[in-house]
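Geometric and topological summary
This is what each chain is made of:
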Amino acid sequence: MAFGDLLDHVGGMGRFQIFHVALLSIPIMLTSIHNLAQNFLAAVPEHYCHIHQVANNATWYLKYTQSLSTEDLLKVSIPLDSNGAPEQCLRFSVLQWNLLAPNATITNRTAISVEPCKDGWTFDRSEFSSTIVSQWDLVCDQHLLKQLAQSIYMTGVLVGGAVLGSLSDRLGRRRLIIWSYLQMAVSGTCTAFSPNFISFCVFRFLVGMANSGIVLNTVSLVLEWVPTRVRTMTGTFTGYIATLGQLLLAGLAYTIRDWRWLQLAVSLPFFIFFLYSWWYAESARWLIMSGKSEQAVKELRKVARINGKSDECRNLNVDMLKSSMKKELAAQKTSHSVLDIVRTPMLRRISCCIGVVWFSTTFAYYGLATDLQSFGLSIYLVQVTFGSVDIPCKAISVLIMSFIGRRAAQACSLTLAGIIIMASIFVPREMQVLRASLAVMGKGCLASSFVCCYLFSGELYPTMLRQTGMGFCNTMARIGGIVAPLVQLTGEYFRFLPLVIYACAPIISGIAACFLPETLKVALPDSIEEVENR
């Protein structure tokens, strides 16, 4: 009797599994929000320099300026840019009172002295009452810090995957997910009370670590407690919960316009998740592989009791467990290193190609999804649209993978995403709706690629190297997430350059995906020899 048969023996997809998957999936909704919260936490409001003479207490000046409208004060204080809007980083060195005359214009711009914003900025708070940009003046010479903050967060996700993922194999999934909930709750709350930008980045780094720990251990606990026949269904369900989080983010950000309160709203629920997570059952698979068979028996009997199968499991014992996982235990005795995923020709090809696929998918996905303000439309509407497009695209991806093949789904979704992003470069900036529509379509294709990545990667690597291979894929994905915000800075040299880079990466990886072996209706390989001979 295999371990899958043993799960059927204790109830299959019974009450325990349903509650377990539901309770594990709810926090995933908020982890997806933390991934994209930067769009609203670090939104850039309209701004211009403080009018320096406002600080002057001269009676004549105050009396005169009080009679002027805001529009007139701007006219005499702030020069206009090439689009006729107030400059965001410059002001007149001396107030240009002559511009208040009827039909007055600047005839010789070079003759008028301007200076940087020495006294700070005035921010338009009609759309965002407060963001970290307006809180700490992350504009003009400091605007690079906005992208740096997101890269630091993604670095935390990378470190969390490496540290908390490896600790999970040593200490267990349940302990690590409980710790990750607590770390997310505490560090997320501390983020909301950050007194300065440096502490904000430190706490966001810790949030990123916790996020990775939650996602990795959720996937393990879900897959290791459900029967094989429903793994695809439960995995798809969890993916759609993450999509629902993207939609919820738009609603929360629209309702809560202050970044501190928004951060609190998506962090405090993790204290609740921490409390109820003590009910989680440790993975029986992990317990057996770790030599804790007696505890595994207790967990399985608990599951059988909840599922109403207590009578059928009275004879469940340690010997039965070990015989059920004889194959896995034999593989566990053979030691392997991360170098094994590139030691043989076929594994080397698989690792190189799938690594590029993971990097490009995450790189382009977060490149589009974390720069919503660039489309010039309502950021809340764009967020809802970006989240909604994942629903049909993920469903289409599953259909293609099931009937045509994983390789075709992977290559087509990436190549199509790159072509769509490249096409948006040639759309004039005035056609904002068309530009946003193309970006939505590109992001949808990348969401399809994500669905395929998770399934395809697990099927390509042999059982003895599957976790190592998935860890490598996770690392490549997080590197893509770290680099993505920094690429936006290349737009200072050529406005279209970020989109060119975001487009080329998935096209190249789509070609690389064509060199991967097809796994549709192919049995999972257990050894390196099976992969090489496939």
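What this report covers is the structure whose coordinates are included nearby.

Calculation rules
Residues numbered from 1 in each chain as written. Predicted model: local features only at pLDDT ≥ 70, side-chain atom pairs only at ≥ 80, totals over all residues. Heavy atoms only, no water. Patch = residues over 30% accessible without salt bridge, like charges linked within 9 Å, V, L, I, M, F, W, Y side chains within 5 Å. Areas by Shrake-Rupley, 256 points an atom, 1.4 Å probe, with all protein chains shown as cover. Salt bridge = Lys/Arg side-chain N within 4 Å of Asp/Glu carboxyl O. Buried < 20%, exposed > 50% of the residue type's maximum accessible area, 1.4 Å probe, protein only. Helix = DSSP H or I, 4+ residues; strand = E, 2+ residues; numbered from the N terminus. Expected span 1.5 Å × (residues − 1). Bend = angle between axes of the 7 residues up to and from the residue. Core = buried A, V, L, I, M, F, W, Y, C linked by side-chain atoms within 4.5 Å. Contact = heavy atoms within 4.5 Å. Disulfide = S-S within 2.5 Å.

**Brief notes about a nonpolar patch on the surface**
On the surface, a nonpolar cluster with roughly 230 Å² of combined accessible area is contributed by Val186, Leu268 and Phe271. Look at Val186 and you get partly exposed, because its relative accessible area is 38%.

**Side note on helix α21 (residues 432-460)**
In an α-helix, one full turn covers 3.6 residues, which means residues spaced three or four apart are oriented alike. Between its first and last C-alpha atoms α21 spans 41 Å; for 29 residues at 1.5 Å apiece the expected length is 42 Å, and the two agree. Along α21, the sharpest change in direction is near 25° and occurs at Cys453.

**Some points on the pattern of salt bridges**
Oppositely charged side chains can form a pair if their charged atoms are brought close together. The full count for this structure, using the stated rule, is five salt bridges. Here Lys118 and Glu115 are joined by a salt bridge, their closest N and O atoms 3.6 Å apart. A residue is classified by how much of its surface remains accessible, and Lys118, at 60% relative accessible area, is exposed. Using a relative accessible area of 13% as the deciding quantity, one classes Glu115 as buried. When salt bridges with common partners are traced through the structure, they connect Arg91, Glu115, Lys118 and Asp119 into a single cluster.

**Structural notes on the nonpolar core**
Ranked by internal contacts, the top residues of the largest apolar core, which has 128 residues, are Tyr181, Trp225, Ile354 and Phe386. With 13 residues, helix α17 (residues 345-369) is the largest single contributor of residues to this core. Setting aside anything within four residues of it in sequence, one finds Ile354 in contact with Ser457, Leu460, Tyr461, Cys473 and Leu516.

**Digging into the state of the cysteines**
Defined simply, a disulfide is a covalent bond joining two cysteines at their sulfur atoms. On inspection of all chains with the given rule, the structure shows two disulfides. Between the sulfur atoms of Cys49 and its disulfide mate Cys117 the distance is 1.7 Å. What sets the handedness of the Cys49 and Cys117 disulfide is the S-S torsion sign, and at about -60° it is left-handed. Here the residue Cys49 occupies a position in strand β1 (residues 47-49), and Cys117 occupies one in the loop between β3 (114-116) and β4 (121-123), the gap between them amounting to 68 residues. In this structure Cys49 comes out as buried when scored by relative accessible area, which is 0%. What makes Cys117 buried here is its relative accessible area of 12%. Between Cys89 and Cys140 runs a disulfide, and the two sulfur atoms are separated by 1.9 Å. In this structure, the disulfide formed by Cys89 and Cys140 twists by about -100° around the S-S bond and is classed as left-handed. Placement of the pair is Cys89 in the loop between α5 (70-77) and β2 (90-92) and Cys140 in the loop between α6 (132-136) and α7 (144-171), with a sequence separation of 51 residues.

As far as function goes, none of this settles anything; it's purely spatial.
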